[in-house]
Protein chains: 2
Amino acid sequence: MNNPYNTDLDRNPANYQPLTPLNFLERAASVFPDHTAIVHGELRRSYAAFYARSRQLASALAQKGIGRGDTVSALLANTPPMLECHYGVPMCGAVLHSINTRLDASIIAFQLDHAMSKVVIVDREFMPLLQEALTIAKVSPVLIQYDDPEFDGPPTSVQTTDYEEFLTGGDPDFAWLMPEDEWDAISINYTSGTTGDPKGVVSHHRGAYLLAQGNALTTGMLKHAVYLWTLPMFHCNGWCFPWTLSAIIGTHVCLRQVRAEPIWNALADEGVTHLCGAPIVMSLMISAPKDVQRDLNRTVQFFTAAAPPPEKLLADMRDAGFDVTHLYGLTETYGPAVVNDWHDAWSCLPRAEQAALKSRQGVRYLPLEQLDVLDPDTMRAVPRDGKTMGEVMFRGNVVMKGYFRNPKATNEAFKGGWFHSGDLGVIHPDGYIQLKDRSKDVIISGGENISSIEVEEALYRHPAVAVVAVVAMPHEKWGETPCAFVELAEGQTADAQALRAWCREHLASYKVPGQFVFMTIPRTSTGKIQKFLLRDAARELSAGQPDALAPTIGTK
Amino acid sequence: MNNPYNTDLDRNPANYQPLTPLNFLERAASVFPDHTAIVHGELRRSYAAFYARSRQLASALAQKGIGRGDTVSALLANTPPMLECHYGVPMCGAVLHSINTRLDASIIAFQLDHAMSKVVIVDREFMPLLQEALTIAKVSPVLIQYDDPEFDGPPTSVQTTDYEEFLTGGDPDFAWLMPEDEWDAISINYTSGTTGDPKGVVSHHRGAYLLAQGNALTTGMLKHAVYLWTLPMFHCNGWCFPWTLSAIIGTHVCLRQVRAEPIWNALADEGVTHLCGAPIVMSLMISAPKDVQRDLNRTVQFFTAAAPPPEKLLADMRDAGFDVTHLYGLTETYGPAVVNDWHDAWSCLPRAEQAALKSRQGVRYLPLEQLDVLDPDTMRAVPRDGKTMGEVMFRGNVVMKGYFRNPKATNEAFKGGWFHSGDLGVIHPDGYIQLKDRSKDVIISGGENISSIEVEEALYRHPAVAVVAVVAMPHEKWGETPCAFVELAEGQTADAQALRAWCREHLASYKVPGQFVFMTIPRTSTGKIQKFLLRDAARELSAGQPDALAPTIGTK
């Protein structure tokens, strides 16, 4: 017999619509048209204006012939047009390609070609970079330049369409396009792979809708929350927060540059309730001069990822009025899909234990269906003992569609019905996962695996160490040995001998770094330490070519 | 050219899973196993136990041969088994059929037959009712009786499987069934139609997942919120809150009976943050003796539906520490799909204006894609003038699959690609809808349409009126005339003459009720006024048979 519950009960336009976060903005603009959607310097823009401008953008793009399956690139800072792109570009059916503004011209050129970009919306500040990229790229996209009044750099000489003018040509009542299917692409973000060409991660409307709501639930965002943009929006679509805020009719506070003073001012003056960023953002805030720091008189939610927040930083943040939550995810999972979901009882533990618990990446977001640590060879879950290493794998609706025009990489990533993150970790008895290392960061010394994170954690506990990164250095006898790159805390001193003695006290002897290098550690625009640069440096150091470090040392 | 974003980027087990709220419980139990999921009298049950028992229920049902496409009925009060049914029944692939415990045996029999019920899980209190229904019904479902320690009524003589015993036979580690498709049915709820046979509204996993999250976002439920069950769970699956609470790892506080004392005690002793109910629940709380009312020292969120909350009640609730939000929806929309989304600025208006604004049903929930007031003949939206009447219509993912085994009613309900609610209303210039009447409640007098709600609102403003319901009474000359049924406020007096004079002052003369009847107004178990009984009564009154009222008058 047929299942009677599947008989004469089909989908129809009344009971089925593709899930898309674009609807969040339509709702916000219709219900709270006058609520402030965007703050940018002196600018205050309402939801009605935000929606109208996004539709103008969609309309103007459609007039240029842009539609379904086309790529529109954005090379923008955290400014209002970047938010408008998150709605206006998919509203004409196109796919948003956000470009990391710190990338080399050659990588940008690769992305533009690979994504077959038709249009680039570019901030005046990055026009020279784009021009350089376009001399390399094969595509010839239409350029639209945003001249941000908050940018005080020199003008560019390039004659091109102005963003505001371009919008003026669009219809604010444009009948924007719903996706034909919720599986349709909404954005593409290229991962900064350490080897091989960058891969274009394709996200769809369904996943963006679900993760955007997952953010609100996970971060406890109530109606009219105020979000400060310390996280770059070009970083996996700002973890989907450009869409989350419309769902809860919140306010975006834009920020061109991550500097302590505007951050503290926004926190105090705009009533910011939530912000995200790598630990470096917290360091920046906490190390700001006392007259820059402002009194908040309330608890602000800070969400961090990329690296476990060090104990001292957590304590300082707590004292300054922040509740810090540790998130984890990848571009392939729409940003954060894992949360260190805190237990109230843990707050009564000693600070060091709290920091240890907080350093764990945690458990799945609500819209992620499965998260586990598997042996990639057998595809079996490792024991939940907090010790056995395996590969962190994801499964669910907030995992990417796949890599653009790269079926080989897509198939590899989805081998065995799970998304392989490439991150190595353990799973604790309580089900919380903890990264132990990226596969490529494991140091193999005398046949023993050394977790670079473990060595880093030992060094972080030394009072003089502000930032540390440990990588493999080739070694004649052992194959590899750990090499530690260290940034000292302000006003502190320590030499290699002192740190080596410290490590001997806290680590098995084979894990003690063979070399300590004191320098400013190179980071990506999102605050991630660029270990591949350090690995190069370590290689050259071991070969007796310490010059390799010179360009990095000078970057502070 | 093919859309490159739809090439080699297909669904697979790693990136696509059916949406289902069942996963919320799995997550809650795995991340917060020891957190209290359910409070019922002295009982405290953790999420680990809640999940294990739900799996035992699924397993035990599967052992009885219950699976996909089968119906399992529940005739239960707001008790832990009712929560377990919301997970355990769909976890074996079956569909949950919750029965309103206040229904007549004949209607229950109709539902059991129509749903082809295989199992009924029944509270001891309702066993006699079920036995009566089964003498009428054609189906012979397996009976499982829950003997609630909180129920102090007489034992039943029926020999049948005990719920706890039944669970013992189930496997707490049962590999429960995910839906094969998120469009699969999760529940069926029969509407208490005023004419014709009840219709079985079929809900699916996708809609339940989305509305459950929509509830959390709409009601501002943060992690570990505490929810008091003043709303019957048999009423559209408790508006999906049985699933919402698992999403935010909250606590259910069960309640067998809606009485003032246990409500106030739960509010104060269990730290309740949210509760729902018809205005009658608020009246009950506010009119409780002072020594029953407890001091809360915080704001509790109260969500009401069914009827606009009267001004005085709103003021009293505010003074008692409640923030009241008006919701609206139907069984066909999973419960509430419309919210009177409050603007901060409105809180500065005079109380009467606030009450007027709060009486509007409002705007769409986030997971509802479209809500409008349309002319059902032309299917065109009525002007947004707050005056032109039309039919309230819904469109989106939280609209039912359709009516079970009733393609005719399904097709009618979805005519023109919208779900026709049968409710008449207007849409205000700001997009907020307001119900003016159910189609069937319009009174047509001398060719003029009279909104019974308008007459009721006028009477509600009279200080002596506690509850009023206006229906059509047949009239020789005018066809119909309004007939008002009135419950006076305690200690107040007013007669028909006084109320008629009041109406003449506040209403057009043709809208003044031809008759006033002072009596206890019959309500459904969910607090909805049973207008169909009143219509019968009015009909018999006009025919000179006032005896029809006798049984109702005696029910208080």
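Residues numbered from 1 in each chain as written. Chains lettered and ligands numbered in written order. Predicted model: local features only at pLDDT ≥ 70, side-chain atom pairs only at ≥ 80, totals over all residues.

An unreviewed UniProt entry annotates chain A as Acyl-CoA synthetase originating from Rhodobacter flavimaris. Taken from UniProt, the Sequence similarities (unreviewed entry) comment for chain A reads in full: "Belongs to the ATP-dependent AMP-binding enzyme family." (UniProt positions renumbered as here; feature names shortened; annotations may be inferred.)

Colleague: Please set out the sheet that holds strand β7 (residues 161-162) of chain B residue by residue, giving values where relevant.
Modeller: Residues and elements named next belong to chain B. Taken together, 8 strands build an open sheet; the order of strands is β7-β6-β5-β3-β4-β8-β9-β20 and the sheet is mixed. Lying at the two open borders of the sheet, with one neighbouring strand each, are β7 and β20 (402-403). As paired elements, strand β3 (residues 71-75) and strand β5 (residues 117-123) share 5 bridges and run parallel to each other. Residue S73 lies in a different strand from β5, and its bridge partner there is V120. Seen against the sheet, helix α3 (residues 80-91) touches β3, β4 (95-98), β5, β6 (142-146) and β8 (185-191) and runs at an angle of roughly 150° to β4. (Pairing = 2+ DSSP bridges. Helix = DSSP H or I, 4+ residues; strand = E, 2+ residues; numbered from the N terminus. Contact = placed C-beta atoms within 7 Å. Axes fitted to C-alpha atoms, helices over the stretch in contact; angles between N-to-C directions.)

Colleague: Outline the interface of chain B and chain A, supporting the account with residue identities and numerical values.
Modeller: If you look at the interface, chain B gives 52 residues, while chain A gives 52 residues. Listed by contribution, the elements that provide at least two residues to the side of chain B that touches chain A are α1 (22-31), α7 (205-219), β16 (363-364) and α14 (407-413) of chain B. Looking at the side of chain B that touches chain A, the element that brings in the most residues is α1 of chain B, giving 5 residues. Looking at the side of chain B that touches chain A, its residues break down into 26 nonpolar, 15 polar and 11 charged. (Nonpolar A, V, L, I, M, F, W, Y, C, P; charged D, E, K, R; others polar.)

Colleague: Explain helix α7 (residues 205-219) of chain A residue by residue, including any values.
Modeller: Residue and element names in this part refer to chain A. Taking 1.5 Å of rise per residue, the 15 residues of α7 would be expected to cover 21 Å, and the 21 Å separating its terminal C-alpha atoms lies within 8% of that figure. Most of α7 is tucked away, with 15 of its 15 residues classed as buried. G220 sits one or two residues past α7 and shows a positive phi near 60°. (Expected span 1.5 Å × (residues − 1). Buried ≥ 20, exposed ≤ 12 C-beta atoms within 10 Å, placed from the backbone.)

Colleague: So what's going on with the relation of the copies chain B and chain A? Residues and values would help.
Modeller: Mapping chain B onto chain A is achieved by rotating through 180° and translating by 0.0 Å along the same axis, at an RMSD of 0.2 Å. When the rotation and shift are considered jointly, the pair of chain copies conforms to a two-fold rotation axis. No C-alpha of chain B lies nearer the rotation axis than that of L217 of chain B, which sits 3.6 Å from it. A high fraction, 100%, of the interface residues of chain B reappear at the interface in chain A, so the copies pair face to face through one surface. (Least-squares fit on C-alpha atoms with pLDDT ≥ 70 in both.)

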